[in-house]
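The primary structure of each chain is shown beneath.
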Amino acid sequence: MIKLKNLERSYPLGKEKFFYVLREINLDVAEGDFVSIMGPSGAGKSTLLHILGMHDHGWRGEYFLGETAVHHLKPKERATLRNEQIGFVFQQYHLLDDLTVYENLDIPLSYRRYSKSERAALVADMLDRFQIVGKKDLYPCQLSGGQQQLVGVARAIIAEPKLLLADEPTGNLHSSQGEEIMELFQKLNNEGMTIVQVTHSEKNASYGKRIVQLRDGWIMKENR
Amino acid sequence: MIADLKFALRMLVKNPAFSIVAFLAIALGIGANATIFGIINALILRPLPVGHSDRLVRIYTADPRFVGASAISYPNFLDYSKQDTAFTGMAGYAFAAMGMTRGAETRTVFGEVVTGNYFDLLEVKPALGRTFLPEEDTTPNGHPVVVLGHKFWKSLGGDPGIIGSIITLNGHAFTVIGVAPPKFGGVDTGFAPDMWLPMAMHEWVRPVPDDWFTNRRALFVNTIGRLKAGVSLSQAQAQMKTVARQLEQAYPDVNKERSVVLKSAESAKSQGLAGPGNEDVAANVSLLLLAIAASILLIACANVANLLLARATTRQREMAIRLAVGAGRGRLIRQLLTESALLGLLGGIGGILCAYWLGDVLLSLLPATPVPVVLDPHPDLRVLLVSLALAILSGVIFGLAPALQMARWNLTESLRERVSSSSGAIGRWNLRNLLVVAQVAVSLLLLIGSGLFLKAFRRAQAIDPGFRTENLAIVSVDPSLAGYDPDRGAQVVRRIVDEIRRKPEAVSAGLGRWVPLGTAGGIARTIIVDGRDENAERNRKPANVNQVSPGYFETLGIPLLRGRNFTEQDAEKTAARVAVINDAMAQQFWPNEAPVGRRFHFIQGDSFEVIGITRTFKSSTIGETPTPMVYLPFTDVPDGGITFFVHTAGTPGPALSETRRIIRDVDNRIPITYEKTVRDHMAIALWPSWMGAMLLAVLGALALLLASMGVYGVMAYSVSQRTRELGIRMALGAQSSQVLGLIFQQGMLLAAMGIVVGLLGAFGSTRLVQTFLYGVNPGDPTIFLGVTLLLTLAALAACYFPARRALKINPVLALRTE
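As a convention, each chain's residues are numbered from 1 in the sequence order in which they are written. Just so you know, chain letters begin at A and ligand numbers begin at 1, following the order they were written in. Totals for whole chains, interfaces and linings use every residue, but because this is a predicted model, local features are given only for residues with pLDDT of at least 70 and side-chain atom pairs only at 80 or more, for both listing and counting.

Turning next to the overall build of chain B. Looking only at helices and strands, one finds 25 helices and 22 strands in chain B. A residue is called partly exposed when the number of other C-beta atoms within 10 Å of its own lies between 12 and 20, exposed at 12 or fewer, and buried at 20 or more, with C-beta atoms placed from the backbone. Scored against the burial criterion, the 818 residues of chain B give a buried share of 47%. Here, residues touch in the contact sense if the C-beta positions derived from the backbone fall within 7 Å of one another. Looking at chain B alone, contacts between residues at least 24 apart form 84% of all its contacts between residues at least 6 apart. Counting from the N terminus, the helices are DSSP H or I runs at least four residues long and the strands are E runs at least two residues long.

Quick look at the structure:
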């Protein structure tokens, strides 16, 4: 599903000097895989995830998503590809404060080619699937952290992406809420969704099939 | 308080972009107000530079047959002065143009002949020398003395030793006895005489050919009185009316129905600016301009309030910490108001400097009028204080809402890391959005007003004045100022006009007493048709009287509709008395009859036969209704001189200099009192409407600029506040067009609401200024649509830059701002 060859990300520090966040990253993620990226703060985990999510374009190397060579795509083509294939879950949930739960779920669909009736059906389905129908008219500030992240996950998968990227999805939740989210991820993975998550937690990583350890921008080791 | 001020200054320095934008908005708002207020101050508010001006009153003749209030006849003035009335004294003055000879050159100067007590009554002390002694106004031509105006003295070199020196006026030697103080220019705003001379010298100064100083019909003495202590204006008015009734009984033939009307000198000083019947124009126009300037200040205040509200959000944590360490909410409000008042004060200083500069610009735009207009719109202490007070008040007003908002914030919520992003969204109708809607509405209103005035000006330009407006040279002279009596004066001007006609560039030339659309369109006299009852009021109607030579109508391009033109024989003393009248007079006096061959007479004198009817032209103002006019043959030079009109084959400029050369060759002592091509002359006639349109256009443009700044400010702030939201939307797949759509939708919704409110306001209010619009429809659809389009484009432009910035948001960075 994903193939990275010699991927590097750096920021200029001065004249011909660069600070490398990621160095010579070579990584294969198969379809249906569940990969946890771990490492200390500043290791480059979130940067790698944003590159995979095509939010970050300033990298070098090769990135294949399925058969598509992302490194050859223009930003607009990458945006289209991302809309078709990738969903994103954030640590801080990033729900829109002024929109209800229902409207937050509808947002990704409004940016894709869905008819109004399709959107309504998909949102209703997602509310039902995540058992949050009763909260559809509430605003994010009226939900608990776990509930907000539940909505965040629902929003990430509502457009039926093949790849789900999650940046510390349980970082702001207490343990029982975190477990609930990780069980949900495992269920989605079992249903065939490819997942890449960044996490500090060994326990959360254990829900996945592989662990990739990053340190100072280098891949140190892989555990299966 | 000092600590607050220091902190406020530090905050202004710390945020230079905010400070500069806010400073500019306030400076523009206060600058516009200070400039307009400066003009109004100069025209209406600034007290007359005399002693106890509140006790001075102007006394006018009230005659139901004349429009507006008139001056008083000299004999009546003497009778009023002799009565023991409500006044400690009464003084009179009359305007006089004179020829002043220096070396080989004679130039026109403007003065006033005044009664001997004029300066004493006004309590004006000279800057140099002395003013008149009572005995200097007793013997006719006995005391040729003159008091110079301060500015005129400066123009002569400002020699402090000028007292006792001689100047030559109308060929007579006058001794300079004094120089008036710098600020004194008489009691009429807008006109400052070059000099003052005793009224007893009127024969030398004002060589009036007829009996003006003995005829009770001639209303030319402007009269001022000083109220006795404890006497009110209404008491004085009642007393003077009694005297007027006595005079009416004593001289029923001339004083019939004539009474007096009194006005305080302060309220009357600017009423002569727009001519008889238009006494309230200066006050009305001032009010209109003041309302516009106030609107601009409101827009500027709304702008700064918006900026402060935007900045308030970023200072939420600062305020929360201040509250946490013990500051009371009142203390916080005081500090924030100190900041905004300081901003207002600095902007106010900038605005006042701007007003000084704009005052110079306005002065440079004043046209060269026949009689010099004197106006000093520069801010004086009054304007300075009012503007500074207005600036500080503005500071408090625009600072109040943000201060109250900041002080209301919840302490614990404010201390959290993240400030809610919802404040930038359209969903909630916050004060910022309402302010932008108000700004757009007011600027739309102003722009529509400007558009209507500009269209009215263009229409005024296009109005056919009824006479030639191309290839015409106008040159006025007054031979009496060079010592010619009316008879010899007529001979000399005939000689000059004959010489002009011989020049190849002159197609035709003629003489006329009045310059159309000049300072006076004619002198009004009462006309009675022969054979009708003289005593019936309906048969006594006024008409303007002009004296013209053969060739006058052809030269001015005024067609003869019926009858015949004047011939040279008509001007002979023994010839039958004939007159040409205009169409307006024909319709008014003989509505269903053929006027040619009919006869009429003035209240005194011979009967005239109507020999021709000409088309009516605009004689006094471009917007006037058709005015009856009688043309009599030019026989001798009337009081005030005569004008040469020269129709040229090509451009009239060379004809001006050629006419000047001919006059100099004939007699270089004859002063040229006015010379212009007809196009330049028309520009003066159109100047008031041009100035009105220009002022409104500038103020409208200013309003547009400020409103655009307002929309831009709100949208830029909104984008910065929505960075996270926009980042999320982009991360979730929003395309560029969708992000752009979000920003434009928000900005244009505000603009559209402002436009709707502004249009409703404009439909309701433009009818109030209909009288200034020369027939332009106050709901003119092209202006309304054009301005709406202009404002929409401005709003689109104001949204464009924040929208472009929104496109550059990096979702990764935006999401990290948490």
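Turning next to the packing of helix 15 (residues 431-462) of chain B against helix 23 (residues 736-765) of chain B. Residue and element names in this part refer to chain B. As a packed pair, helix 15 and helix 23 sit with axes 7 Å apart at the nearest point and diverge in direction by 40°. Judged on the interaxial angle alone, helix 23 and helix 15 are oblique. Crossing hand, helix 15 versus helix 23: right-handed. For the pair helix 15 and helix 23, contact is made by Asn 433, Val 436, Val 437, Gln 439, Val 440, Ala 441, Val 442, Leu 444, Leu 445 and Ile 448 and by Leu 750, Ala 751, Met 753, Gly 754, Ile 755, Val 757, Gly 758, Leu 759, Gly 761, Ala 762 and Ser 765, respectively. Of the residues in the contact of helix 15 with helix 23, the class split is 15 nonpolar, six polar and no charged. Angular values range over 0 to 180 degrees, each being the angle between N-to-C directions of two axes fitted as lines to C-alpha atoms, with helices fitted over their stretch in contact. Any angle that is under 35 degrees is reported as roughly parallel, and any over 145 degrees as roughly antiparallel; angles of 65 to 115 degrees are reported as roughly perpendicular and all others as oblique. For any pair of crossing helices, the crossing counts as left-handed if the nearer helix is rotated counterclockwise from the farther one by less than a right angle, and right-handed if it is rotated clockwise. Three residue categories are used. Nonpolar comprises Ala, Val, Leu, Ile, Met, Phe, Trp, Tyr, Cys and Pro, charged comprises Asp, Glu, Lys and Arg, and polar comprises the others, including Gly.

We now examine the interface of chain B and chain A. With 18 residues of chain B in contact, the opposing surface of chain A contributes 17 residues. Contributions of two or more residues to the side of chain B that touches chain A are made by helix 22 (723-731) and helix 25 (811-816) of chain B. Here the element with the most residues in the side of chain B that touches chain A is helix 22 of chain B; it accounts for four residues. Residue composition of the side of chain B that touches chain A, grouped by class: eight nonpolar, seven polar and three charged.

A few words on the environment of Asp167(A). Residues and elements named next belong to chain A. With respect to the helices and strands, the residue Asp 167 is situated in strand 7 (residues 163-167). For Asp 167, a count of 22 C-beta atoms within 10 Å gives the class buried. When the C-alpha positions of Asp 167 and Lys 45 are compared, they lie 8.6 Å apart, and in sequence the two are 122 residues distant. Excluding residues that lie within four positions of it along the chain, Asp 167 makes contacts with Ser 46, Leu 49, Val 89, Phe 90, Gln 91 and Val 198.

A few words on helix 3 (residues 74-82) of chain B. All names here are of chain B. By the burial criterion, the buried members of helix 3 are Tyr 74, Asn 76, Phe 77 and Tyr 80. The buried residues of helix 3 occupy an angular sector of 155° when projected down its axis, which confines them to one face. Against the buried residues of helix 3 lie strand 2 (72-73), strand 3 (87-102), strand 10 (219-227) and helix 7 (233-250). The directions from the helix axis to the C-beta atoms form the arc being described.

With that settled, the discussion passes to the sheet that holds strand 2 (residues 17-29) of chain A. Residue and element names in this part refer to chain A. At least two DSSP bridges between two strands are needed for those strands to be called paired. Taken together, four strands build an open sheet; the order of strands is 2-1-4-5 and the sheet is antiparallel. Because the sheet does not close on itself, it has two edges, and the strands there are strand 2 and strand 5 (68-69). Looking at chain direction, strand 4 (residues 59-65) and strand 5 are connected through two bridges and run antiparallel. Residue Leu 65 lies in a different strand from strand 5, and its bridge partner there is Thr 68.

This next bit is on the pairing of strand 4 (residues 105-114) of chain B. The side chains of a regular strand alternate between the sheet's two faces. Residues and elements named next belong to chain B. In terms of residue burial, strand 4 counts as a mostly covered element, since seven of its 10 residues are buried. For strand 3 and strand 4, the ladder comprises 10 bridges, and the chain directions are antiparallel. Residue Tyr 93 lies in a different strand from strand 4, and its bridge partner there is Val 114. Connecting strand 3 to the antiparallel partner strand 4 that follows it, the hairpin turn spans two residues, and Gly 103 within it adopts a positive phi of roughly 65°. In terms of strand pairing, strand 4 meets strand 9 (residues 195-198) through four bridges, oriented parallel. Bridge pairing in strand 9 places Val 114 opposite Pro 198.

Residues and elements named next belong to chain B. Core analysis: the largest hydrophobic core is formed by 166 residues, its most contacted members being Ile 296, Ala 703 and Val 711. Here the element with the most residues in this core is helix 10 (residues 281-314); it accounts for 18 residues. In contact with Ile 296, not counting residues within four places along its chain, are Gly 29, Ala 32, Leu 699, Leu 702, Ala 703 and Leu 706. When buried Ala, Val, Leu, Ile, Met, Phe, Trp, Tyr and Cys residues are joined through C-beta atoms within 7 Å, the set is termed a nonpolar core. With 128 residues, the next largest nonpolar core counts Val 57, Phe 184, Leu 262 and Phe 566 among its residues.

Residues and elements named next belong to chain B. Confidence of the predictor at the level of single residues is given by pLDDT, which spans 0 to 100. Here chain B averages 84 in pLDDT, and 91% of its residues register 70 or above. Of all the helices and strands in chain B, helix 14 (residues 411-415) carries the lowest mean pLDDT, 51, while strand 6 (residues 145-148) carries the highest, 96. Considering only residues more than four positions removed or in separate chains, one finds that residues 416-428, a stretch of pLDDT under 50, has 24 contacts. On the interface metric, ipTM, the complex scores 0.71, and its pTM is 0.65.

It is worth spelling out the confidence of the model for chain A at this point. Here chain A shows a mean pLDDT of 90. Residues at 70 or above account for 100%. Considering each helix and strand of chain A separately, the mean pLDDT is smallest for strand 10 (residues 218-223) of chain A, with a value of 83, and largest for strand 5 of chain A, with 96.

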